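What follows is each chain in one-letter form.
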Amino acid sequence: MGLMIFIIEHLYGNLLLFSDSQAYNLYTYNLEQMGWLLYIAEAGLALFFIYHAYLGISIYLNRKKARPKGYIKYKSQGGPSHQTISAKTMIFTGIIILIFLFLHLNTFKFGNPNMIPVPGHPGQQMQDMKSLVVNTFQSPLYTFFYAFVMILLGFHLGHGFWSAFTSLSMKHKKFSSFIYTVGAIFAVLMAVGFLFIPLFIYFTGGTTL
Ligand code: HEM
């Protein structure tokens, strides 16, 4: 749940690239101004990610142990079982997203943006994160790798959303389908939102931002 809230907040923050010319930089600057509160939030987020990856990998390994040869023909039981392609590829999409995250943090979180003056605050400086993002997505390799990962993110979230409510939804067939539909809408919105950013910048050169 914490990770889903982060994803929504992160998409909102990144869509500020399309707002006022300095809105994006001011957003990251204001986050930095939170000081130790930001460090606590980041530590919490890191723990959420680590625990989430640990759970996912353990579930996968336990399943493998229980059924080492796999199913002869993997067929959904229908209804609340929801054995869709998203469900069957969770470990694959999860590992790719994890690899993406390392690369992503290295590029943006630990990147080296230029410092520029903060509008309305003489003498203060902020990171020019917007230029870093725009310059990064001039590279076709980077852009299309991002686009590919955002599609996988959509699949991962699609099943992950429903999974987060499994104990409730497995018991009630109607509720299960409802949650699955909400999860699918959520996943498509997030994937399309995140996909749009690198592709838009790459194809327009980011000159209109
Ligand atoms: C087009 C897509 C994306 C763009 C342009 C983008 C951009 C950024 C930028 C600029 C930062 C650094 C912000 C800062 O340090 O203040 C950042 C941090 C981060 N991003 Fe993304 N991001 C994207 C997608 C994603 C996705 C899909 C995920 C997760 C699956 C993600 C996870 C993170 C995390 C965990 C951080 C570190 C947050 C923190 O420590 O405060 N990002 N991103």
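For every chain, the first residue of the written sequence is number 1, and numbering continues from 1 along that sequence. A pLDDT threshold of at least 70 governs which residues receive local features in this predicted model, and a stricter bar of 80 or more applies before side-chain atom pairs are shown or counted, although totals over entire chains, interfaces and linings include all residues. The basis for the side-chain values is all heavy atoms of the structure; hydrogens and waters are excluded.

1. Considerations on the overall build of the protein chain
1) Next: Labels follow the DSSP assignment, with helices taken as runs of H or I lasting at least four residues and strands as runs of E lasting at least two, numbered in each case from the N terminus. For the protein chain, the helix and strand inventory stands at nine helices and two strands.
2) Next: N-terminal to C-terminal, the α/β element order of the protein chain is α-α-α-α-α-β-β-α-α-α-α.
3) Next: Burial classification: accessible surface area is computed with a 1.4 Å probe over protein chains only, and a residue below 20% of its type maximum counts as buried, one above 50% as exposed, and the rest as partly exposed. Classification of the 209 residues of the protein chain by burial places 33% in the buried group.
4) Next: Taking the contacts inside the protein chain whose residues are at least 6 apart along the sequence as the reference set, 72% of them involve residues at least 24 apart.
5) Next: Working definition of accessibility: Shrake-Rupley area with a 1.4 Å probe, residue cover restricted to the visible protein chains. With an accessible surface of roughly 13200 Å², the protein chain has 70% of that area assigned to carbon and sulfur atoms. Working rule for contacts: check all heavy atoms of both residues, and any pair within 4.5 Å makes them a contact.

2. Section: the coordination of the iron atom of the ligand
1) Next: Donor atoms (N, O, S) are those found within 2.8 Å of the metal centre, with the cutoff raised to 3.2 Å for Na, K and Ca; water is not part of the atom list, so apparent gaps in a site can occur. Coordination sphere of the iron atom of the ligand, protein contribution only: H10 (NE2) and H104 (NE2), at 2.0 Å.
2) Next: Here H10 falls in the partly exposed class, since its relative accessible area comes to 26%.
3) Next: A relative accessible area of 15% places H104 in the buried class.

3. Quick look at the site of the ligand
1) Next: In these notes, residues near a molecule or strand are those with any non-hydrogen atom within 4 Å of it. The environment of the ligand is made up of 23 residues, and the closest members are H10, N14, Y24, E42 and H104.
2) Next: As used in this structure description, the phrase polar contact means that two N or O atoms lie within 3.5 Å; if the pair is within protein, one of them must be able to donate a hydrogen and the other to accept it, and residues adjacent in sequence are counted only when both atoms belong to side chains. For the ligand, a nitrogen atom lies 3.5 Å from a polar atom in the side chain of N14.
3) Next: When residues of the shell around the ligand are traced back to their parent elements, those giving at least two are α1 (2-15), α2 (23-32), α3 (36-66), α5 (90-109), α6 (129-136), α7 (140-164) and α9 (173-204).
4) Next: Classifying every residue of the shell around the ligand by side-chain character gives 16 nonpolar, four polar and three charged. Classification used: nonpolar for Ala, Val, Leu, Ile, Met, Phe, Trp, Tyr, Cys and Pro, charged for Asp, Glu, Lys and Arg, polar for all others including Gly.

4. Quick word on the pattern of salt bridges
1) Next: Whenever Lys or Arg places a side-chain nitrogen within 4 Å of a carboxyl oxygen from Asp or Glu, that contact is recorded as a salt bridge. Counted under the stated rule, the structure contains one salt bridge.
2) Next: Across the salt bridge formed by E42 and K109, the nearest N and O atoms sit 2.6 Å from each other. Of this pair, E42 sits in helix α3 while K109 is found in helix α5, placing the two residues 67 residues apart along the sequence.

5. Points about the nonpolar core
1) Next: The biggest cluster of nonpolar side chains holds 34 residues, and the ones touching the most others in it are V133, F137, Y146, M150, L157 and I201.
2) Next: Contributing elements (two or more residues each) for this core: α1, α2, α5, α6, α7 and α9.
3) Next: It is α7 that provides the largest number of residues to this core, a total of nine residues.
4) Next: Leaving out residues up to four positions away in the same chain, I201 has contacts with L17, V133, V134, F137, Q138, G206 and L209. Take the buried residues of types Ala, Val, Leu, Ile, Met, Phe, Trp, Tyr and Cys, join any two whose side-chain atoms come within 4.5 Å, and each joined set is a nonpolar core.

6. Some words on the side chain of T107
1) Next: Turning to its location among the elements, T107 is positioned in helix α5.
2) Next: Excluding residues that lie within four positions of it along the chain, T107 makes contacts with L132, T136 and Y142.

7. Quick look at the packing of α3 against α5
1) Next: Closest axis-to-axis distance for the α3/α5 pair is 10 Å, and the angle between their directions is 155°. As judged from the angle between their axes, α3 and α5 are roughly antiparallel. Classified by chirality, the crossing of α5 by α3 is left-handed. Each of E42, F49, G56, I57 and Y60 in α3 lies in contact with α5, whose residues at this interface are I91, L101 and K109.
2) Next: For the contact of α3 with α5, the class distribution of residues is five nonpolar, one polar and two charged. Only the contacting stretch of a helix is used when fitting its axis, a line to C-alpha atoms as for every element, and angles between N-to-C directions run 0 to 180 degrees. Oblique is the label for any angle not under 35 degrees, not over 145, and not in the 65 to 115 range, which are roughly parallel, roughly antiparallel and roughly perpendicular in turn. Crossings are assigned a handedness: left-handed for a near helix turned anticlockwise from the far helix by less than a right angle, right-handed for a clockwise turn.

8. Focus: α1
1) Next: Multiplying one less than the number of residues by 1.5 Å gives the expected span of a helix. With 14 residues, α1 extends 20 Å between its outermost C-alpha atoms, agreeing within 8% with the 20 Å of an ideal straight helix rising 1.5 Å per residue.
2) Next: Those residues of α1 that fall on the buried side of the exposure criterion are L3, M4, I7, L11, G13 and N14.
3) Next: If you follow the buried residues of α1, they end up packed against α2, α3, α7 and α9.

9. Notes on the packing of α5 against α7
1) Next: Between α5 and α7, whose axes approach to 9 Å, the crossing angle comes to 135°. Regarding the angle of α5 to α7, the classification is oblique. The handedness of the crossing between α5 and α7 comes out as left-handed. For the pair α5 and α7, contact is made by M90, F92, T93, G94, I96, I97, F100, L103, H104, T107 and F108 and by Y142, F145, Y146, F148, V149, M150, L152, L153, F155, H156, H159 and G160, respectively.
2) Next: Taken together, the residues of the contact of α5 with α7 break down into 16 nonpolar, seven polar and no charged.

So, to be careful, I would describe these as geometric facts and stop short of saying anything about function.
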